[in-house]
Amino acid sequence: MVAQSPSIDVIIVNYCTGSLVVASLASLEAERLLVPKLRAIVVDNASPDGSGDLIAQAVEARGWDWVKVLRSQRNGGFGAGNNLGINWALERSDAAELYWLLNPDTIVQPCAASALTQFMEAEPLAGIAGSALLEADETPWPFAFRFPTILGEVERAARLGLLSRILKKRAVMRAMGSAPERVDWVSGASFVIRRALLEQGLRFDESFFLYYEETDFCLHAARAGWECWYVPGAVVLHVAGQSTGVTGHQLALKRLPSYWFRSRQYYFLKNHGRVYGMLADIAWMSGHIVAVIKARLRGASSVDPPWLLIDFLRHSAFMPQRLNRDWSATGGA
(Lines give C-alpha, C1' and ligand atoms only; values in the text may rest on other atoms or scores of the structure.)
Protein backbone atom coordinates (compact mmCIF):
# COMPACT_ATOMS: atom_id res chain seq x y z
CA MET A 1 0.00 0.00 0.00
CA VAL A 2 2.86 2.37 0.80
CA ALA A 3 4.43 1.77 -2.63
CA GLN A 4 1.19 2.92 -4.31
CA SER A 5 1.21 6.37 -2.71
CA PRO A 6 1.55 9.21 -5.24
CA SER A 7 5.05 10.45 -6.01
CA ILE A 8 5.83 13.90 -4.62
CA ASP A 9 8.65 16.34 -5.25
CA VAL A 10 9.37 18.87 -2.51
CA ILE A 11 10.70 22.24 -3.72
CA ILE A 12 12.50 24.57 -1.33
CA VAL A 13 13.81 27.96 -2.47
CA ASN A 14 16.89 29.13 -0.60
CA TYR A 15 18.18 32.66 -0.22
CA CYS A 16 20.77 32.92 2.54
CA THR A 17 18.98 30.33 4.72
CA GLY A 18 21.38 27.40 4.41
CA SER A 19 21.11 25.94 7.91
CA LEU A 20 17.31 26.28 7.86
CA VAL A 21 17.11 24.39 4.57
CA VAL A 22 19.30 21.55 5.88
CA ALA A 23 17.05 21.24 8.96
CA SER A 24 13.96 21.20 6.73
CA LEU A 25 15.47 18.46 4.55
CA ALA A 26 16.35 16.45 7.67
CA SER A 27 12.69 16.57 8.72
CA LEU A 28 11.72 15.15 5.32
CA GLU A 29 14.06 12.17 5.61
CA ALA A 30 11.75 10.31 7.99
CA GLU A 31 8.76 11.07 5.74
CA ARG A 32 10.29 8.88 3.05
CA LEU A 33 9.57 5.80 5.16
CA LEU A 34 5.86 6.27 4.48
CA VAL A 35 6.20 8.09 1.13
CA PRO A 36 9.17 6.42 -0.57
CA LYS A 37 8.56 8.34 -3.81
CA LEU A 38 9.35 11.63 -2.07
CA ARG A 39 12.24 13.62 -3.51
CA ALA A 40 13.45 17.14 -2.86
CA ILE A 41 14.71 19.95 -5.07
CA VAL A 42 16.50 22.90 -3.49
CA VAL A 43 16.71 26.02 -5.66
CA ASP A 44 19.41 28.42 -4.54
CA ASN A 45 18.37 31.93 -5.61
CA ALA A 46 21.92 33.22 -6.19
CA SER A 47 22.66 33.48 -2.44
CA PRO A 48 25.76 35.63 -1.87
CA ASP A 49 26.56 34.04 1.50
CA GLY A 50 27.65 30.62 0.24
CA SER A 51 24.55 28.90 1.63
CA GLY A 52 24.03 27.10 -1.67
CA ASP A 53 27.40 25.42 -1.20
CA LEU A 54 26.59 24.65 2.44
CA ILE A 55 23.40 22.85 1.39
CA ALA A 56 25.14 20.92 -1.41
CA GLN A 57 27.86 19.81 1.01
CA ALA A 58 25.29 18.67 3.58
CA VAL A 59 23.41 16.70 0.92
CA GLU A 60 26.60 14.93 -0.13
CA ALA A 61 27.83 14.32 3.42
CA ARG A 62 24.53 12.77 4.51
CA GLY A 63 24.10 10.66 1.41
CA TRP A 64 20.80 12.27 0.47
CA ASP A 65 20.60 10.94 -3.07
CA TRP A 66 16.93 11.95 -3.11
CA VAL A 67 17.87 15.66 -3.00
CA LYS A 68 18.85 17.78 -6.01
CA VAL A 69 20.39 21.26 -5.65
CA LEU A 70 19.75 23.69 -8.52
CA ARG A 71 21.46 27.08 -8.93
CA SER A 72 19.57 30.11 -10.19
CA GLN A 73 21.57 32.91 -11.77
CA ARG A 74 19.46 35.57 -10.06
CA ASN A 75 17.32 36.19 -7.04
CA GLY A 76 13.99 36.41 -8.79
CA GLY A 77 11.94 35.83 -5.65
CA PHE A 78 9.66 33.07 -4.43
CA GLY A 79 7.73 32.51 -7.65
CA ALA A 80 10.74 32.55 -9.96
CA GLY A 81 12.65 30.10 -7.78
CA ASN A 82 9.74 27.70 -7.56
CA ASN A 83 9.08 27.96 -11.29
CA LEU A 84 12.67 26.94 -11.93
CA GLY A 85 12.30 23.90 -9.69
CA ILE A 86 8.91 22.96 -11.14
CA ASN A 87 10.08 23.22 -14.74
CA TRP A 88 13.19 21.14 -14.05
CA ALA A 89 11.12 18.46 -12.31
CA LEU A 90 8.45 18.30 -15.01
CA GLU A 91 11.07 17.64 -17.68
CA ARG A 92 12.12 14.40 -15.99
CA SER A 93 10.92 11.15 -17.50
CA ASP A 94 9.71 10.14 -14.03
CA ALA A 95 7.99 13.45 -13.22
CA ALA A 96 6.17 13.35 -9.89
CA GLU A 97 2.41 13.51 -9.55
CA LEU A 98 2.54 16.17 -6.81
CA TYR A 99 4.78 19.20 -6.06
CA TRP A 100 5.07 20.36 -2.45
CA LEU A 101 6.46 23.86 -2.04
CA LEU A 102 7.99 24.41 1.39
CA ASN A 103 9.50 27.54 2.86
CA PRO A 104 13.10 27.09 3.99
CA ASP A 105 12.09 27.95 7.56
CA THR A 106 9.78 24.93 7.93
CA ILE A 107 10.08 21.64 9.81
CA VAL A 108 7.77 18.91 8.56
CA GLN A 109 5.96 17.14 11.37
CA PRO A 110 5.57 13.33 11.34
CA CYS A 111 3.26 11.87 8.68
CA ALA A 112 2.56 15.24 7.01
CA ALA A 113 3.72 14.00 3.59
CA SER A 114 1.54 10.87 3.74
CA ALA A 115 -1.48 12.91 4.89
CA LEU A 116 -1.10 15.24 1.92
CA THR A 117 -0.52 12.54 -0.68
CA GLN A 118 -3.46 10.48 0.60
CA PHE A 119 -5.72 13.53 0.55
CA MET A 120 -4.75 14.50 -3.00
CA GLU A 121 -5.28 10.92 -4.14
CA ALA A 122 -8.77 10.93 -2.63
CA GLU A 123 -9.77 14.34 -4.07
CA PRO A 124 -9.03 14.39 -7.81
CA LEU A 125 -10.48 17.89 -8.26
CA ALA A 126 -8.07 19.33 -5.69
CA GLY A 127 -5.39 21.12 -7.66
CA ILE A 128 -3.87 22.77 -4.60
CA ALA A 129 -3.71 21.88 -0.90
CA GLY A 130 -2.15 23.49 2.14
CA SER A 131 -1.27 22.06 5.51
CA ALA A 132 -1.91 23.21 9.05
CA LEU A 133 0.95 25.28 10.45
CA LEU A 134 2.60 25.59 13.84
CA GLU A 135 4.47 28.68 15.00
CA ALA A 136 8.02 28.46 16.31
CA ASP A 137 6.81 27.73 19.85
CA GLU A 138 4.51 25.01 18.44
CA THR A 139 1.39 27.12 18.92
CA PRO A 140 -1.16 26.10 16.26
CA TRP A 141 -1.72 28.58 13.43
CA PRO A 142 -4.90 27.12 11.84
CA PHE A 143 -5.70 29.62 9.09
CA ALA A 144 -6.46 29.67 5.40
CA PHE A 145 -7.71 32.60 3.34
CA ARG A 146 -10.39 34.19 1.18
CA PHE A 147 -9.46 36.14 -1.91
CA PRO A 148 -8.89 39.87 -1.20
CA THR A 149 -11.87 42.12 -1.91
CA ILE A 150 -12.79 45.74 -1.24
CA LEU A 151 -14.78 44.85 1.89
CA GLY A 152 -12.05 42.46 2.98
CA GLU A 153 -9.51 45.31 2.81
CA VAL A 154 -11.69 47.46 5.06
CA GLU A 155 -12.02 44.68 7.63
CA ARG A 156 -8.32 43.83 7.58
CA ALA A 157 -7.12 47.40 8.05
CA ALA A 158 -9.72 48.63 10.58
CA ARG A 159 -9.29 45.86 13.17
CA LEU A 160 -12.61 46.94 14.69
CA GLY A 161 -14.59 44.30 16.55
CA LEU A 162 -18.08 45.31 15.39
CA LEU A 163 -17.00 45.79 11.78
CA SER A 164 -15.14 42.48 11.78
CA ARG A 165 -18.27 40.70 12.99
CA ILE A 166 -20.37 42.34 10.27
CA LEU A 167 -17.81 41.51 7.59
CA LYS A 168 -16.92 38.06 8.93
CA LYS A 169 -17.68 36.37 5.60
CA ARG A 170 -15.48 38.89 3.77
CA ALA A 171 -12.40 38.73 6.02
CA VAL A 172 -9.30 37.56 4.15
CA MET A 173 -8.05 35.46 7.06
CA ARG A 174 -10.22 32.48 7.85
CA ALA A 175 -9.94 30.37 11.01
CA MET A 176 -10.09 26.68 10.20
CA GLY A 177 -11.35 23.62 12.05
CA SER A 178 -10.14 20.06 12.40
CA ALA A 179 -11.60 18.72 9.14
CA PRO A 180 -10.43 19.36 5.56
CA GLU A 181 -12.24 22.29 3.92
CA ARG A 182 -12.33 24.00 0.55
CA VAL A 183 -10.85 27.47 0.71
CA ASP A 184 -9.84 30.22 -1.70
CA TRP A 185 -6.10 30.04 -1.04
CA VAL A 186 -3.54 28.67 1.38
CA SER A 187 -0.17 29.81 2.69
CA GLY A 188 2.78 29.38 0.36
CA ALA A 189 4.79 28.12 3.34
CA SER A 190 3.36 24.63 2.69
CA PHE A 191 1.67 24.44 -0.69
CA VAL A 192 0.97 21.28 -2.72
CA ILE A 193 0.21 21.43 -6.47
CA ARG A 194 -1.08 18.62 -8.68
CA ARG A 195 0.96 17.94 -11.81
CA ALA A 196 -2.15 17.96 -14.01
CA LEU A 197 -2.72 21.60 -13.06
CA LEU A 198 0.86 22.53 -13.94
CA GLU A 199 0.59 20.67 -17.25
CA GLN A 200 -2.14 23.15 -18.20
CA GLY A 201 0.57 25.81 -18.20
CA LEU A 202 -0.09 27.61 -14.92
CA ARG A 203 3.02 28.96 -13.19
CA PHE A 204 3.76 31.65 -10.61
CA ASP A 205 3.72 35.13 -12.06
CA GLU A 206 7.32 36.30 -11.65
CA SER A 207 6.26 39.95 -11.52
CA PHE A 208 5.61 39.19 -7.84
CA PHE A 209 8.88 39.11 -5.90
CA LEU A 210 7.41 38.05 -2.57
CA TYR A 211 3.82 38.01 -1.28
CA TYR A 212 0.54 37.64 -3.16
CA GLU A 213 2.04 35.21 -5.68
CA GLU A 214 0.32 32.20 -4.10
CA THR A 215 -2.94 34.18 -3.89
CA ASP A 216 -2.68 34.99 -7.59
CA PHE A 217 -1.79 31.37 -8.42
CA CYS A 218 -4.81 30.01 -6.52
CA LEU A 219 -7.11 32.57 -8.15
CA HIS A 220 -6.10 31.50 -11.64
CA ALA A 221 -6.29 27.83 -10.69
CA ALA A 222 -9.86 28.42 -9.44
CA ARG A 223 -10.75 30.19 -12.68
CA ALA A 224 -9.48 27.10 -14.51
CA GLY A 225 -11.83 24.90 -12.48
CA TRP A 226 -9.46 23.53 -9.83
CA GLU A 227 -10.24 23.34 -6.11
CA CYS A 228 -8.02 24.49 -3.24
CA TRP A 229 -8.16 22.71 0.12
CA TYR A 230 -6.89 23.11 3.67
CA VAL A 231 -5.71 19.78 5.10
CA PRO A 232 -5.32 19.94 8.91
CA GLY A 233 -4.11 16.35 9.18
CA ALA A 234 -0.79 17.47 7.67
CA VAL A 235 1.20 19.70 10.04
CA VAL A 236 4.28 21.81 9.35
CA LEU A 237 6.16 23.99 11.83
CA HIS A 238 6.85 27.39 10.29
CA VAL A 239 9.26 29.83 11.90
CA ALA A 240 7.44 32.71 10.19
CA GLY A 241 9.58 35.56 8.94
CA GLN A 242 12.95 33.85 9.27
CA SER A 243 13.39 33.65 5.51
CA THR A 244 12.02 37.11 4.71
CA GLY A 245 12.30 39.17 7.89
CA VAL A 246 8.83 40.60 7.21
CA THR A 247 6.20 38.45 8.89
CA GLY A 248 5.85 36.77 12.25
CA HIS A 249 4.67 38.30 15.51
CA GLN A 250 7.93 37.20 17.13
CA LEU A 251 9.82 39.81 15.12
CA ALA A 252 10.23 43.46 16.10
CA LEU A 253 8.17 45.82 13.92
CA LYS A 254 10.18 47.12 11.01
CA ARG A 255 9.35 49.14 7.92
CA LEU A 256 7.78 46.93 5.27
CA PRO A 257 9.87 46.49 2.11
CA SER A 258 8.60 48.07 -1.08
CA TYR A 259 8.03 44.69 -2.71
CA TRP A 260 5.16 43.97 -0.30
CA PHE A 261 3.29 47.07 -1.48
CA ARG A 262 4.17 46.47 -5.13
CA SER A 263 2.90 42.91 -4.96
CA ARG A 264 -0.39 44.00 -3.42
CA GLN A 265 -0.87 46.74 -5.99
CA TYR A 266 -0.05 44.38 -8.87
CA TYR A 267 -2.44 41.71 -7.60
CA PHE A 268 -5.43 44.05 -7.68
CA LEU A 269 -4.51 45.75 -10.96
CA LYS A 270 -3.81 42.46 -12.75
CA ASN A 271 -6.89 40.61 -11.57
CA HIS A 272 -9.51 43.33 -11.10
CA GLY A 273 -8.42 46.45 -12.99
CA ARG A 274 -7.33 49.92 -11.92
CA VAL A 275 -10.74 51.21 -10.80
CA TYR A 276 -11.23 48.23 -8.49
CA GLY A 277 -7.64 48.62 -7.28
CA MET A 278 -8.27 52.27 -6.42
CA LEU A 279 -11.44 51.36 -4.52
CA ALA A 280 -9.55 48.63 -2.65
CA ASP A 281 -6.87 51.17 -1.71
CA ILE A 282 -9.48 53.66 -0.49
CA ALA A 283 -11.07 50.87 1.54
CA TRP A 284 -7.74 49.90 3.15
CA MET A 285 -6.77 53.51 3.91
CA SER A 286 -10.19 54.25 5.41
CA GLY A 287 -9.92 51.20 7.63
CA HIS A 288 -6.37 52.08 8.61
CA ILE A 289 -7.38 55.60 9.64
CA VAL A 290 -10.16 54.13 11.79
CA ALA A 291 -7.61 51.82 13.46
CA VAL A 292 -5.21 54.72 14.13
CA ILE A 293 -7.95 56.91 15.64
CA LYS A 294 -9.15 54.03 17.81
CA ALA A 295 -5.63 53.40 19.11
CA ARG A 296 -5.04 57.07 19.92
CA LEU A 297 -8.37 57.40 21.75
CA ARG A 298 -7.39 54.42 23.87
CA GLY A 299 -3.84 55.65 24.39
CA ALA A 300 -2.50 52.42 22.92
CA SER A 301 0.85 52.17 21.18
CA SER A 302 0.89 51.42 17.45
CA VAL A 303 1.08 47.81 16.30
CA ASP A 304 1.78 48.84 12.71
CA PRO A 305 5.16 48.98 10.96
CA PRO A 306 6.73 52.46 10.70
CA TRP A 307 5.70 54.67 7.78
CA LEU A 308 2.91 52.28 6.83
CA LEU A 309 0.38 54.79 5.48
CA ILE A 310 2.99 56.86 3.62
CA ASP A 311 4.51 53.77 2.03
CA PHE A 312 1.04 52.51 1.14
CA LEU A 313 0.20 55.78 -0.62
CA ARG A 314 3.49 55.71 -2.55
CA HIS A 315 2.59 52.29 -3.96
CA SER A 316 -1.16 52.66 -4.31
CA ALA A 317 -3.18 52.14 -7.49
CA PHE A 318 -3.39 55.91 -7.81
CA MET A 319 0.31 55.99 -8.62
CA PRO A 320 1.93 54.74 -11.85
CA GLN A 321 2.52 51.01 -11.75
CA ARG A 322 6.18 50.13 -11.19
CA LEU A 323 7.26 46.58 -11.75
CA ASN A 324 10.73 45.19 -12.22
CA ARG A 325 11.54 41.54 -12.81
CA ASP A 326 15.23 42.03 -11.91
CA TRP A 327 14.88 42.68 -8.20
CA SER A 328 17.75 43.31 -5.85
CA ALA A 329 18.30 41.00 -2.89
CA THR A 330 15.89 43.02 -0.75
CA GLY A 331 13.34 43.86 -3.40
CA GLY A 332 14.60 47.34 -4.19
CA ALA A 333 13.31 50.71 -3.10
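Up top is the structure these notes are about.
Quick caveat, the model's predicted, so the values are computed rather than measured.

(A) Just the pattern of salt bridges, in detail. With the rule as written, the count across this model stands at 16 salt bridges. Here Lys 270 makes a salt bridge to Asp 216, at a shortest N to O gap of 2.9 Å. With Lys 270 in helix H9 (residues 258-272) and Asp 216 in helix H8 (residues 213-223), the pair connects residues that are 54 residues apart, well separated along the chain. Judged by relative accessible area, which is 3%, Asp 216 ranks as buried. Here Asp 281 and Arg 264 are joined by a salt bridge, their closest N and O atoms 2.5 Å apart. On the criterion of sequence distance, the pair formed by Asp 281 in helix H10 (residues 274-298) and Arg 264 in helix H9 is long-range, its members being 17 residues apart. Since its relative accessible area comes to 2%, Asp 281 is described here as buried.

(B) How the structure looks around unusual backbone geometry. At Ala 46, a position not held by glycine, the phi torsion is positive, near 55°. Mapping Ala 46 onto the fold places it in the loop between strand S2 (38-44) and helix H2 (51-61).

(C) Spotlight on the layout of surface pockets. Each pocket or cavity is described by its volume, and for the second largest pocket that value is around 370 Å³. If you go around the second largest pocket, you meet 20 residues; those closest to its centre are His 288, Val 292, Ala 295, Ser 302 and Asp 304. If you list the elements that add at least two residues to the lining of the second largest pocket, you get H10 and helix H11 (308-314). With nine residues, the top contributor of residues to the lining of the second largest pocket is H10. Residue composition of the lining of the second largest pocket, by class: 12 nonpolar, three polar and five charged.

(D) Main features of the nonpolar core. Counting residues in hydrophobic clusters, the biggest one holds 53 residues, and the most contacted among them are Ile 128, Phe 191, Ile 193, Leu 197, Phe 204 and Phe 217. Of all the elements, H9 adds the most residues to this core, at six residues. Setting aside residues up to four positions removed in sequence, Phe 204 forms contacts with Phe 78, Gly 79, Asn 82, Asn 83, Ile 86, Leu 101, Phe 191, Ile 193, Glu 213, Glu 214 and Phe 217. Formed by 37 residues, the second largest nonpolar core is a distinct cluster that contains Leu 25, Val 42, Ala 112 and Val 236.

(E) Main features of the packing of H8 against H9. Look at H8 against H9: their axes get within 11 Å of each other, and the N-to-C directions meet at 15°. If you check the angle between H8 and H9, you find them roughly parallel. Between H8 and H9 lies a crossing whose hand is right-handed. Packed against H8, whose contacting residues are Thr 215, Asp 216, Leu 219, His 220 and Arg 223, the element H9 presents Tyr 267, Lys 270, Asn 271 and His 272 at the interface. When its residues are assigned to classes, the contact of H8 with H9 shows two nonpolar, four polar and three charged.

(F) Broad picture of the pairing of strand S12 (residues 227-238). Burial of S12 is extensive: 10 of the 12 residues sit out of reach of the surface. Pairing analysis gives three bridges linking strand S5 (residues 106-108) to S12, with the strands arranged antiparallel. Bridge pairing in S12 places Thr 106 opposite His 238. Where strand S6 (residues 126-134) and S12 come together, eight bridges link them in parallel fashion. Bridge pairing in S12 places Leu 134 opposite Leu 237. As judged from the three bridges shared by strand S10 (residues 181-183) and S12, these two strands associate in the antiparallel manner.

(G) Up close: the packing of aromatic side chains. The tally for this structure, following the rule as stated, stands at 18 aromatic pairs. Between Tyr 212 and Tyr 267, the ring centres sit 5.7 Å apart and the planes meet at 40°, which makes this aromatic pair tilted. A residue pair is termed long-range when its members are at least 10 positions apart, and Tyr 212 in the loop between helix H7 (195-198) and H8 and Tyr 267 in helix H9 qualify at 55 residues. In this structure Tyr 212 comes out as buried when scored by relative accessible area, which is 9%. Taking 6.2 Å as the distance between ring centres and 25° as the angle between the ring planes, the aromatic pair formed by Phe 268 and Tyr 276 counts as stacked. On the basis of relative accessibility, which here comes to 1%, the residue Phe 268 falls in the buried class. Aromatic rings pair up to connect Tyr 212, Trp 260, Phe 261, Tyr 267, Phe 268 and Tyr 276 into one cluster.

(H) Representation of helix H5 (residues 150-158). Buried within H5 are the following residues: Gly 152, Glu 153, Val 154, Glu 155, Ala 157 and Ala 158. Where H5 is buried, its residues contact helix H6 (161-166), H9 and H10. Where H5 ends, the next residue or the one after it, Arg 159, has phi of about 50°, a positive value.

How each quantity is defined
- Residues numbered from 1 in each chain as written.
- Predicted model: local features only at pLDDT ≥ 70, side-chain atom pairs only at ≥ 80, totals over all residues.
- Heavy atoms only, no water.
- Salt bridge = Lys/Arg side-chain N within 4 Å of Asp/Glu carboxyl O.
- Helix = DSSP H or I, 4+ residues; strand = E, 2+ residues; numbered from the N terminus.
- Buried < 20%, exposed > 50% of the residue type's maximum accessible area, 1.4 Å probe, protein only.
- 1 Å grid on protein atoms, 1.4 Å probe; cavity = no way out; pocket = protein on both sides within 12 Å on 5 of 7 lines; lining within 4 Å.
- Points joined across faces, edges and corners; volume = space filled by probe spheres on them.
- Nonpolar A, V, L, I, M, F, W, Y, C, P; charged D, E, K, R; others polar.
- Core = buried A, V, L, I, M, F, W, Y, C linked by side-chain atoms within 4.5 Å.
- Contact = heavy atoms within 4.5 Å.
- Axes fitted to C-alpha atoms, helices over the stretch in contact; angles between N-to-C directions.
- Parallel < 35°, antiparallel > 145°, perpendicular 65-115°, else oblique.
- Left-handed = near helix turned anticlockwise from the far one by under 90°.
- Pairing = 2+ DSSP bridges.
- Phe/Tyr/Trp six-rings, centres within 6.5 Å; stacked < 30°, edge-to-face > 60°.

From the geometry alone we can't say anything about function, so treat these as descriptive.
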